[in-house]
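# Coordinates in review
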Protein chains: 2
Amino acid sequence: MGTVKSDAVTYKNLLKHFIETQDEKSLYGAEQISKSFIKNNILPEEIVNLHIQALTELYPSLSSNVQNSMEFLLETMISYGLAHQEYQTLREEQS
Amino acid sequence: MGTVKSDAVTYKNLLKHFIETQDEKSLYGAEQISKSFIKNNILPEEIVNLHIQALTELYPSLSSNVQNSMEFLLETMISYGLAHQEYQTLREEQS
């Protein structure tokens, strides 16, 4: 596992573009990139982690409240990651 | 589907407590509540939605950049929700 570096860059660029323009196309990009993440066995909490990274790089003065809130969200997603891994295993067993 | 209202309140309270104290106990609470969400078929994007709601209630003057960024994250999580639903179906078929 582990995020492909180029995907991290693409995510940050799409995010930046969406924040600046609220462009529907960037949202479509988000959908496409998340499908690619799933294919590459990237877990949901890794997306949240990627999001935190991108956000702090784009806004270095991001308030500590927001940063802390994202850490909490990350923790919440870990259980989903475990459930998702279980799903991957089930699917592999069936194929 | 649909978040149980009391879970939404619990999430907000745990989040608030964590932001204010960075207390490990709140992180443990996050883990517990997410297990309860999974049991109740709450999808990952619904957690992100819940997080956005809680954050805007706690911080009404949250910057539009952060709000937009969260909308982008929400979109990214939708594909995970679909994958997660597929997993639930597989698991039901096996039990």
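Parameters at a glance
- Residues numbered from 1 in each chain as written.
- Chains lettered and ligands numbered in written order.
- Predicted model: local features only at pLDDT ≥ 70, side-chain atom pairs only at ≥ 80, totals over all residues.
- Heavy atoms only, no water.
- 1 Å grid on protein atoms, 1.4 Å probe; cavity = no way out; pocket = protein on both sides within 12 Å on 5 of 7 lines; lining within 4 Å.
- Points joined across faces, edges and corners; volume = space filled by probe spheres on them.
- Helix = DSSP H or I, 4+ residues; strand = E, 2+ residues; numbered from the N terminus.
- Salt bridge = Lys/Arg side-chain N within 4 Å of Asp/Glu carboxyl O.
- Buried < 20%, exposed > 50% of the residue type's maximum accessible area, 1.4 Å probe, protein only.
- Axes fitted to C-alpha atoms, helices over the stretch in contact; angles between N-to-C directions.
- Parallel < 35°, antiparallel > 145°, perpendicular 65-115°, else oblique.
- Left-handed = near helix turned anticlockwise from the far one by under 90°.
- Contact = heavy atoms within 4.5 Å.
- Nonpolar A, V, L, I, M, F, W, Y, C, P; charged D, E, K, R; others polar.
- Least-squares fit on C-alpha atoms with pLDDT ≥ 70 in both.

### Looking at empty space enclosed by the protein
According to the stated counting rule, one finds one cavity of 30 Å³ or more in the structure shown. One number sums up the size of the largest cavity: a volume of about 30 Å³. Taken together, A:Pro44, A:Tyr80, A:His84, B:Pro44, B:Tyr80 and B:His84 form the lining of the largest cavity. Among the secondary structure elements, those contributing two or more residues to the lining of the largest cavity are α4 (64-94) of chain A together with α4 (64-94) of chain B.

### Some thoughts on the pattern of salt bridges
All names here are of chain A. Counted by the stated rule, this structure contains six salt bridges over all chains. The residue glutamate 57 makes a salt bridge to lysine 12 at a minimum N-O spacing of 2.7 Å. Taken as a pair, glutamate 57 in helix α3 (residues 44-58) and lysine 12 in helix α1 (residues 5-21) lie far apart in primary sequence, 45 residues in all. One salt bridge in this structure joins lysine 35 and glutamate 31, with 3.3 Å as the shortest N-O distance. Here the residue lysine 35 and the residue glutamate 31 both occupy positions in helix α2 (residues 24-39), the gap between them amounting to four residues, near one helical turn. By relative accessible area, glutamate 31 is classed as partly exposed at 26%.

### Side note on the packing of α3(A) against α4(B)
Helices that pack against each other are described as a pair by the angle of their axes relative to one another and the distance between those axes. The N-to-C vectors of α3(A) and α4(B) enclose an angle of 160°; their axes lie 11 Å apart at closest approach. When the axis of α3(A) is compared with that of α4(B), the two are roughly antiparallel. Taken as a pair, α3(A) and α4(B) cross one another with a handedness that is right-handed. Residues A:Pro44, A:Ile47, A:Val48, A:His51 and A:Leu55 of α3(A) form the contact with α4(B), whose participating residues are B:Ser69, B:Met70, B:Leu73, B:Thr76, B:Met77 and B:Tyr80. Taken together, the residues of the contact of α3(A) with α4(B) sort by class into eight nonpolar, three polar and no charged.

### Digging into the relation of the copies chain B and chain A
For the pair chain B and chain A, the relating rotation is 180°, the translation along its axis is 0.0 Å, and the fit reaches an RMSD of 0.0 Å. The transformation relating the two chain copies, once decomposed into turn and shift, fits a two-fold axis. In terms of C-alpha distance to the rotation axis, chain B has B:Tyr87 as its closest residue, with the C-alpha 2.4 Å off the axis. A high fraction, 100%, of the interface residues of chain B reappear at the interface in chain A, so the copies pair face to face through one surface.

Remember that the coordinates give geometry; whether it matters functionally is a separate question.
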